[in-house]
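Each chain, letter by letter, is given below.
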Amino acid sequence: MSDLAKEKAARLLKKRGSVSSLGSHDVRAKETRDKTKDSISTVSYIDEPGHHDDNPRPAVQMENTFQLAPYRRFPVLTVNDILKDVLASYLQEEKYEAELCRQMTKTISEVIKARVKDLMVPRYKIIVLISIGQLSDQNMRIGSRCLWDASNDTFSSHTFKNSSLFAVANVYAVYFE
Amino acid sequence: MDEFQTGEETAFVVDEVSTIIKESVEGAIGGNAYQHSRVNQWTTNIVEQSLSQLSKLGKPFKYIVTCVIMQKNGAGLQTASSCFWDNTTDGSCTVRWENKSMYCIVSVFGLAI
């Protein structure tokens, strides 16, 4: 990754104090393998939720807000622009290389998350999913379905392509009732 | 909103979810070779099957299921995800499945209501 892009990302993330797996080595990713006659499957997940031994927080009692719907809806078009902007600026001149793109996906997803958080849309949980792949003769299909409340939850998606790679960015926004 | 369940039942249980996903994938594409004409239907089947099984769990969760099917051709693919949520109740799980002719990557994100 070019130094300029790395610095830009580091500054952005430091300003927001966000925790990410970019620099830290204590993120525990677990994997289990399974093999059948002609296929292999691997499951991976980050540290199981709800099982933190250090400093268990007492369950927070939330008061009723009597609020049925979000006061401010998630700005899909603004997020579309953010995705276009970030993907173009980080990937315009890059060639596909395994190590570079590994770091790049992590960086881009953190940067997009930080910028979407900056929009300060209250009570929305954000999921950002980035895939960067090499352009060769292969074919690929990406699909997703969501079980959620269609009136409040939404998503935003953007694809970027240059001569040697393609990138797909998906942002899902889920309202926290 | 009053919760009538204990914390144990309302956390994201990775094992259950990964079993459901593996079954959906095996059921939809197990034993098949990559076919361009059927890929669309396969992704739809995998995702819809997973989602209906997940909703049958009856937990107070919203789910997002993403599936990527890629032909094995020597090309590389990197995927990353970044989430802004409540660490104690929400979780995600990714299942990577492959056979001789294709890769299938399914990610499930579960967000507590």
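Residues numbered from 1 in each chain as written. Chains lettered and ligands numbered in written order. Predicted model: local features only at pLDDT ≥ 70, side-chain atom pairs only at ≥ 80, totals over all residues. Heavy atoms only, no water.

As for the overall build of chain A
Here comes step 1: Scanning chain A from terminus to terminus reveals 3 helices and 6 strands.
Here comes step 2: Within chain A, buried positions represent 40% of all 177 residues.
Here comes step 3: Contacts in chain A between residues far apart in sequence, at least 24 positions, make up 71% of those at least 6 positions apart.
Here comes step 4: By element, 51% of the accessible surface of chain A is carried by carbon and sulfur atoms, the whole surface being about 10800 Å². (Helix = DSSP H or I, 4+ residues; strand = E, 2+ residues; numbered from the N terminus. Buried < 20%, exposed > 50% of the residue type's maximum accessible area, 1.4 Å probe, protein only. Contact = heavy atoms within 4.5 Å. Areas by Shrake-Rupley, 256 points an atom, 1.4 Å probe, with all protein chains shown as cover.)

A short note on empty space enclosed by the protein
Residue and element names in this part refer to chain B.
Here comes step 1: Under the counting rule described, the total for this entry stands at 1 cavity of 30 Å³ or more.
Here comes step 2: Forming the walls of the largest cavity are Ala 11, Phe 12, Val 13, Glu 16, Val 17, Leu 57, Lys 59, Phe 61 and Tyr 63.
Here comes step 3: Sorting the residues of the lining of the largest cavity by element identifies helix H1 (14–29) and strand E1 (61–71) as the ones contributing at least two each.
Here comes step 4: Of the residues in the lining of the largest cavity, the class split is 7 nonpolar, no polar and 2 charged. (1 Å grid on protein atoms, 1.4 Å probe; cavity = no way out; pocket = protein on both sides within 12 Å on 5 of 7 lines; lining within 4 Å. Points joined across faces, edges and corners; volume = space filled by probe spheres on them. Nonpolar A, V, L, I, M, F, W, Y, C, P; charged D, E, K, R; others polar.)

Focus: the interface of chain B and chain A
Here comes step 1: Contacts between the two partners involve 58 residues from chain B, matched on the other side by 59 residues from chain A.
Here comes step 2: Buried surface at the junction of chain B and chain A, summed over both partners, amounts to about 5100 Å²; 55% is from carbon and sulfur atoms.
Here comes step 3: Contact with chain A buries surface across chain B, with Lys62(B), Gln78(B) and Phe84(B) losing the most and accounting together for 15% of the total.
Here comes step 4: When the shortest N-O distance is used, the salt bridge between Arg145(A) and Glu48(B) registers 3.0 Å.
Here comes step 5: If you look at where chain B meets chain A, you find 23 residue pairs in polar contact (both at pLDDT 80 or more).
Here comes step 6: Secondary-structure elements contributing two or more residues to the side of chain B that touches chain A are H1, helix H2 (36–56), E1, strand E2 (77–84), strand E3 (91–98) and strand E4 (102–112) of chain B.
Here comes step 7: With 10 residues, the top contributor of residues to the side of chain B that touches chain A is E1(B).
Here comes step 8: The residue inventory of the side of chain B that touches chain A, partitioned by class, reads 27 nonpolar, 22 polar and 9 charged. (Buried area = accessible area lost by both parts, 1.4 Å probe. Salt bridge = Lys/Arg side-chain N within 4 Å of Asp/Glu carboxyl O. Polar contact = N/O pair within 3.5 Å; in protein donor to acceptor, adjacent residues only side chain to side chain.)

As for the side chain of Asp153(A)
Here comes step 1: For Asp153(A), the location among the structural elements is in the loop between strand E4 (140–147) and strand E5 (154–161).
Here comes step 2: Residue classification places Asp153(A) among the buried residues on the basis of a relative accessible area of 5%.
Here comes step 3: Within the structure, the side chain of Asp153(A) is placed 3.0 Å from the side chain of Lys62(B), a separation counted as a polar contact.
Here comes step 4: Among all residues touching Asp153(A), those that are not within four sequence positions of it are Trp148(A), Ala173(A), Val174(A), Tyr175(A) and Lys62(B).

Thoughts on the packing of H1(B) against H2(B)
Residue and element names in this part refer to chain B.
Here comes step 1: Orientation of H1 relative to H2, taken along the N-to-C sense of each, is 145 degrees, at an axis distance of 9 Å. As H1 packs across H2, the resulting crossing turns out to be right-handed. Contacts between H1 and H2 involve Val 17, Ile 20, Ile 21, Ser 24, Val 25, Ala 28 and Ile 29 from the former and Trp 42, Asn 45, Ile 46, Gln 49, Ser 50, Gln 53 and Leu 54 from the latter.
Here comes step 2: Partitioned by chemical class, the residues of the contact of H1 with H2 number 9 nonpolar, 5 polar and no charged. (Axes fitted to C-alpha atoms, helices over the stretch in contact; angles between N-to-C directions. Left-handed = near helix turned anticlockwise from the far one by under 90°.)

Describing the confidence of the model for chain B
Here comes step 1: Overall, the predicted model of chain B reaches an average pLDDT of 85, with 92% of residues at or above 70.
Here comes step 2: Interface confidence in the predicted complex, given as ipTM, is 0.74; pTM for the same model is 0.76. (pLDDT = per-residue confidence, 0-100.)

Considerations on the environment of Gln35(B)
All names here are of chain B.
Here comes step 1: Among the structural elements, Gln 35 can be located in the loop between H1 and H2.
Here comes step 2: Judged by relative accessible area, Gln 35 falls into the partly exposed class, the value being 33%.
Here comes step 3: Note: C-alpha distance between Gln 35 and Tyr 63 (28 residues apart in sequence) is 28 Å.

Side note on the pattern of salt bridges
Residues and elements named next belong to chain A.
Here comes step 1: In this structure the tally under the stated criterion is 8 salt bridges over all chains.
Here comes step 2: The partner of Arg 115 in a salt bridge is Asp 85, with the nearest N and O atoms 3.3 Å apart. Of this pair, Arg 115 sits in helix H3 (residues 98–118) while Asp 85 sits in helix H2 (residues 76–91), and the two are 30 residues apart along the sequence.

Regarding the sheet that holds strand E3 (residues 124–134) of chain A
Here comes step 1: If you walk across this open sheet you meet the 4 strands as E5(A)-E6(A)-E3(A)-E2(B), and the pairing is antiparallel. Each end of this open sheet is capped by a strand with a single partner; those strands are E5 of chain A together with E2 of chain B. If you compare each strand with its neighbour and ignore which way they point, the axes differ by 10 degrees on average.
Here comes step 2: Taken together, the 8 bridges between E5(A) and strand E6 (residues 165–175) of chain A define a ladder with antiparallel strand orientation. Within the sheet, the bridge partner assigned to Thr154(A) lies in E6(A) and is Ala173(A).
Here comes step 3: Contacts from H2(A) reach E3, E5 and E6 of chain A, with the element oriented near 25 degrees to E5(A). (Pairing = 2+ DSSP bridges.)

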